[in-house]
Amino acid sequence: MSPLSRIDVSLIEPDFRLRVELALQELSRSGVAFVATCGFRSAQEQDALYGSGRTTRGPIITHARAFESAHQFGLAIDVVRDIDDKPGVQPSWHAGDYLPLAMATKKFGLVWGGLWRFPDAPHIQDDRVLTSYQMAALKSAWLKSAGASTQEKLNVVWSAHREGKK
Ligand SMILES: [Zn+2]
């Protein structure tokens, strides 16, 4: 079973998706299983998450508002560590169980949220959606295609992202 089978991979940028898949497959071969639980997240969903612990009851979950997270551009994936061989996912919430992501993500040119100032251990993202400048370029590509489907908007965003690479 692919480590990405639980998320909609059509909404994840193809080159980023491939690198995450390679990193997770390599970990899986060494007996360390991670399963993706979240990929693309809409601006509305991001704002709802941001509200938790601020405008709605619950813990603080994120420091990113809409369009401040790589999830809005299909350039981030959250994973959980599956700690046993039983069917279904048995997620671990121990930070130490996420440390193997540090090496594996680095090898494939990915950024791991576990190293951030506000650590986000389940979070893996592309290495070129980090600055507010990079994020703003993708946001404007998204807003330019108002009225288009999510998939069409993402295609515009991803082509802007590839342009930014040159
Ligand atoms: Zn995330």
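Structural notes, computed from the coordinates.

Reading the values: the criteria
- Residues numbered from 1 in each chain as written.
- Predicted model: local features only at pLDDT ≥ 70, side-chain atom pairs only at ≥ 80, totals over all residues.
- Helix = DSSP H or I, 4+ residues; strand = E, 2+ residues; numbered from the N terminus.
- Expected span 1.5 Å × (residues − 1).
- Buried ≥ 20, exposed ≤ 12 C-beta atoms within 10 Å, placed from the backbone.
- Arc of directions from axis to C-beta.
- Contact = placed C-beta atoms within 7 Å.
- Axes fitted to C-alpha atoms, helices over the stretch in contact; angles between N-to-C directions.
- Parallel < 35°, antiparallel > 145°, perpendicular 65-115°, else oblique.
- Left-handed = near helix turned anticlockwise from the far one by under 90°.
- Nonpolar A, V, L, I, M, F, W, Y, C, P; charged D, E, K, R; others polar.
- Core = buried A, V, L, I, M, F, W, Y, C linked by C-beta atoms within 7 Å.

## Concerning helix 4 (residues 132-144)
With 13 residues, helix 4 should cover 18 Å at 1.5 Å per step; its first-to-last C-alpha distance of 18 Å lies within 8% of that length. Every buried residue of helix 4 is listed here: L138, A141 and W142. All buried residues of helix 4 project into a common sector of 100° when viewed along the axis, lining one side. The outward face of helix 4, more than 90 degrees from its buried face, is lined by the exposed residues S132, Y133, A136, S140 and K144.

## Some details on helix 3 (residues 100-107)
Residues lying three or four places apart along an α-helix face the same way, a consequence of the helix completing one turn every 3.6 residues. All of the buried residues in helix 3 are L101, A104 and T105. Within helix 3, the buried residues cover an arc of 95° as seen down the axis, which keeps them to one side. Opposite its buried face, helix 3 presents the exposed residues M103 and K107, each directed more than 90 degrees away. Against helix 1 (14-29), strand 4 (110-112) and strand 5 (123-126) lie the buried residues of helix 3.

## So, the packing of helix 1 against helix 3
Running from N to C, helix 1 and helix 3 point in directions that differ by 135°, and their axes come no closer than 9 Å. One way to sum up the angle between helix 1 and helix 3 is to call them oblique. In this structure, helix 1 meets helix 3 at a crossing whose hand is right-handed. Of helix 3, the residues touching helix 1 (which contributes A23, E26 and L27) are P100, A104, T105 and K107. When the residues that make up the contact of helix 1 with helix 3 are grouped by side-chain class, the tally is four nonpolar, one polar and two charged.

## Some thoughts on the nonpolar core
Judged by nonpolar contacts, the single largest core of 33 residues is most densely connected at V20, I77, V79, I124 and V157. If you list the elements that add at least two residues to this core, you get helix 1, strand 1 (33-38), strand 2 (76-82), helix 3, strand 4, helix 4 and helix 5 (150-165). The greatest single-element share of this core, amounting to five residues, is contributed by helix 1. When sequence neighbours within four positions are dropped, the list of residues in contact with I124 reads V20, A76, I77, V79, L101, T105, L110 and W112.

## Quick look at the environment of V89
Tracing the backbone shows V89 in the loop between strand 2 and strand 3 (91-92). Between the alpha carbons of V89 and F34 there is a distance of 9.1 Å; along the sequence they are 55 residues apart. For V89, the residues in contact, after removing those within four places along its chain, are V35, V80 and D82.

The values reported here are purely geometric and, on their own, carry no functional implication.
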